[in-house]
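Spelled out from the first residue to the last, the chains are:
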Amino acid sequence: MNPFRHMHLTRLIAVARKETIHVIRDPFSLGMALGLPAMMLVLFGFALTLDVDNVPMAVWDQSGTPASRDLVAAFGSSRYFSLRQNISTYREGERALDTRAALAVLVVPRDFEQKLRSGRQPQAQLLVDGSDANTASLATGYAQAVVRRYSAGVTLAAVRRNGAASRGGAPADVRPRVWFNEDLKSRNFIIPGLIAVILMIIAALLTSLTIAVEWERGTMEQLIATPVKPPELVLGKLAPYFAIGMADLTIAVSMAEFLFHVPMRGSLLLMFVIAAVFLAGMLSLGILISAVSRTQAAASQIAMLTTFLPAFLLSGFMFSLINSPKVVQLLSYLVPARYFVSVMRGIYLRGTGIREMWGEMLFLAIFAFAAFLVVVAAGLLI
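Residues numbered from 1 in each chain as written. Predicted model: local features only at pLDDT ≥ 70, side-chain atom pairs only at ≥ 80, totals over all residues. Heavy atoms only, no water.

Undergrad: How do you make sense of the side chain of threonine 135 when you look at a structure like this?
TA: Looking at the element boundaries, threonine 135 is found in helix α6 (residues 133-162). Among residues more than four places away in sequence, those in contact with threonine 135 are Val52 and Leu103. (Helix = DSSP H or I, 4+ residues; strand = E, 2+ residues; numbered from the N terminus. Contact = heavy atoms within 4.5 Å.)

The following block contains the structure:
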């Protein structure tokens, strides 16, 4: 039996009008639906960052020579480190790390310049607070980069001073060039993925309570008794929430542009088209959850369980899936947010188009169509 036969536009519009009136009569829920995405974007956009800048550093310069001062100055001139205090013992360094007055301690030995002048390799010690593994790893990498740059400068100065390199010429000079996110700002990486995650959560929550409310209020029996067909009921209930979801997307994209200054290199129209397909699928999923659970409490819990956790853990939004266990990687392919996060970052950061993202777009289209069909089939069984 074809569920789309005998559909009538008048009945569909009537259901959509009824649902729109219901939404308008609840200004608190409407305000939450429009305000919650903006609030989440502000909170996560400003609070969530992977950047490690101005790492507080304490310095114990035992050498006190021009060479050691140049090394310390190299750290001080880097935007990744902030020289907070000078110490004179290891005990002071331990106290600085314990109190988090410093996250790193640089110790320059007494024979630093002596080894440098004699052609031997001088060594300096860097003590890093490893309680935050991510910050410690990044700080260590930045420190190694500063030391490499300092060493290259010393070697090049010696080459120029002697007229020729005594040991094989000038050192190799590697000059990296970063594409797509030239300033290496984590905000440019986080915000596009955050928009996708917020849209997924909000879309499912918006519709997960609709049919459950109908069952609890006893109005679902009245709808069933009317000539309204399941596709008309589903599309009519989806229409106002689809408009709210697109309004949320517009707000989020505007905030990304004017508040967070995230550059968009791709097509804004393409992004809205793909977002509309993704939104239709997530709204259908919310309707399905609402139809199956039949209570608001169960619907909200199931919606959060099936959207919030997968969106944050299995979409690649926060954690790279490359280093995840194979089982987790395979499981992530079932999460629609994984594909939409990839699309959003591709459009925002790389300016990619349909040719590069056709696989993700195809999956989102299949998901949206399948979710709608399942919802209609569930409607036939009500």
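From this point on, the discussion continues.
Undergrad: It is not clear to me how the pairing of strand β1 (residues 55-61) should be interpreted in this structure. Could you clarify?
TA: One face of the sheet, then the other: side chains in a regular strand alternate in exactly this way. Burial of β1 is extensive: six of the seven residues sit out of reach of the surface. Inspection of the sheet shows β1 paired to strand β2 (residues 81-86) by five bridges, in the parallel sense. Counted as the bridge partner of valine 55 is phenylalanine 81 from β2. This β-α-β element, β1 to helix α3 (residues 66-77) to β2, shows right-handed connectivity. Here β1 pairs with strand β3 (residues 104-108) via five bridges, running parallel. Looking at the pairing, tryptophan 60 lines up with valine 107 of β3. (Buried < 20%, exposed > 50% of the residue type's maximum accessible area, 1.4 Å probe, protein only. Pairing = 2+ DSSP bridges. Right-handed = clockwise from strand over helix to strand, strands pointing away.)

Undergrad: Help me out: how do you make sense of the sheet that holds β3 in this one?
TA: Two orientations exist for strands paired in a sheet by backbone hydrogen bonds: parallel and antiparallel. The strand order across the open sheet built from four strands is β2-β1-β3-β4, with neighbouring strands paired in mixed fashion. This sheet does not close on itself; its edge strands, each paired only once, are β2 and β4 (125-128). The sheet shows a mean angle of 30° between the axes of neighbouring strands, taken without regard to direction. Against the sheet, helix α4 (residues 90-98) contacts β1, β2, β3 and β4, and its axis sits at roughly 165° relative to β3. (Axes fitted to C-alpha atoms, helices over the stretch in contact; angles between N-to-C directions.)

Undergrad: How should the pattern of salt bridges be read in this particular structure?
TA: Close approach of charged atoms allows side chains of opposite charge to pair. For the structure shown, the criterion picks out six salt bridges. Residue lysine 237 pairs with glutamate 19 through a salt bridge whose shortest N-O separation is 2.8 Å. Of this pair, lysine 237 sits in helix α10 (residues 230-258) while glutamate 19 sits in helix α1 (residues 9-24); the two residues are 218 residues apart in sequence, bridging distant segments of the chain. Judged by its relative accessible area of 2%, glutamate 19 falls in the buried class. Here glutamate 94 ties to arginine 91 by a salt bridge, and the two come within 3.2 Å at their closest N and O atoms. Here arginine 91 and glutamate 94 lie together in helix α4, a separation of three residues that amounts to about one turn. Take glutamate 94: its relative accessible area is 41%, and that puts it in the partly exposed class. (Salt bridge = Lys/Arg side-chain N within 4 Å of Asp/Glu carboxyl O.)

Undergrad: Mind showing me how you'd approach the environment of alanine 291 here?
TA: Tracing the backbone shows alanine 291 in helix α11 (residues 268-293). Note on alanine 291: relative accessible area 12%, which makes it buried. Remark: the alpha-carbon pair of alanine 291 and asparagine 86, spanning 205 residues in sequence, is separated by 65 Å.

Undergrad: Looking at this structure, I do not really get a nonpolar patch on the surface. What am I missing?
TA: There is a patch of nonpolar side chains on the surface, built from Leu305, Leu309, Leu313 and Phe319 and spanning about 400 Å² of accessible area. Looking at where phenylalanine 319 falls in the secondary structure, it is placed in the loop between α12 (296-313) and α13 (326-332). Relative accessible area serves as the criterion here: at 47%, phenylalanine 319 is assigned to the partly exposed category. (Patch = residues over 30% accessible without salt bridge, like charges linked within 9 Å, V, L, I, M, F, W, Y side chains within 5 Å. Areas by Shrake-Rupley, 256 points an atom, 1.4 Å probe, with all protein chains shown as cover.)

Undergrad: Help me out: how do you make sense of unusual backbone geometry in this one?
TA: For arginine 100, which is not glycine, the phi dihedral falls at a positive 60°. Among the structural elements, arginine 100 can be located in the loop between α4 and β3. A positive phi angle is found at histidine 261, which is not glycine, with a value near 55°. Within the secondary structure layout, histidine 261 lies in the loop between α10 and α11.

Undergrad: When you look at the nonpolar core in this model, what are you seeing that I'm missing?
TA: When a protein is soluble and globular, its nonpolar side chains tend to lie buried together. Formed by 70 residues in total, the largest nonpolar core has its most connected members in Leu41, Ile191, Ile195, Leu249, Ile274, Phe340 and Tyr348. Sort the elements by how many residues they give to this core and helix α7 (residues 186-208) lands first, with 14 residues. Beyond its immediate chain neighbours, meaning those up to four positions away, isoleucine 195 contacts Leu41, Leu249, Ala252, Val253, Ala256, Met344 and Tyr348. (Core = buried A, V, L, I, M, F, W, Y, C linked by side-chain atoms within 4.5 Å.)

Undergrad: Just to check I follow, could you spell out the packing of α1 against α10 for this structure?
TA: Helix-helix packing: each pair is described by the crossing angle between the helix axes and the interaxial distance. Orientation of α1 relative to α10, taken along the N-to-C sense of each, is 45°, at an axis distance of 8 Å. With respect to α10, the axis of α1 lies oblique. Here α1 runs over α10; the crossing is right-handed. Touching Arg11, Leu12, Val15, Ala16, Lys18, Glu19, Thr20, His22 and Val23 of α1 are Glu232, Leu233, Leu235, Gly236, Lys237, Ala239, Pro240, Tyr241 and Ile244, all from α10. Grouping the amino acids of the contact of α1 with α10 by side-chain chemistry returns ten nonpolar, three polar and five charged. (Parallel < 35°, antiparallel > 145°, perpendicular 65-115°, else oblique. Left-handed = near helix turned anticlockwise from the far one by under 90°. Nonpolar A, V, L, I, M, F, W, Y, C, P; charged D, E, K, R; others polar.)

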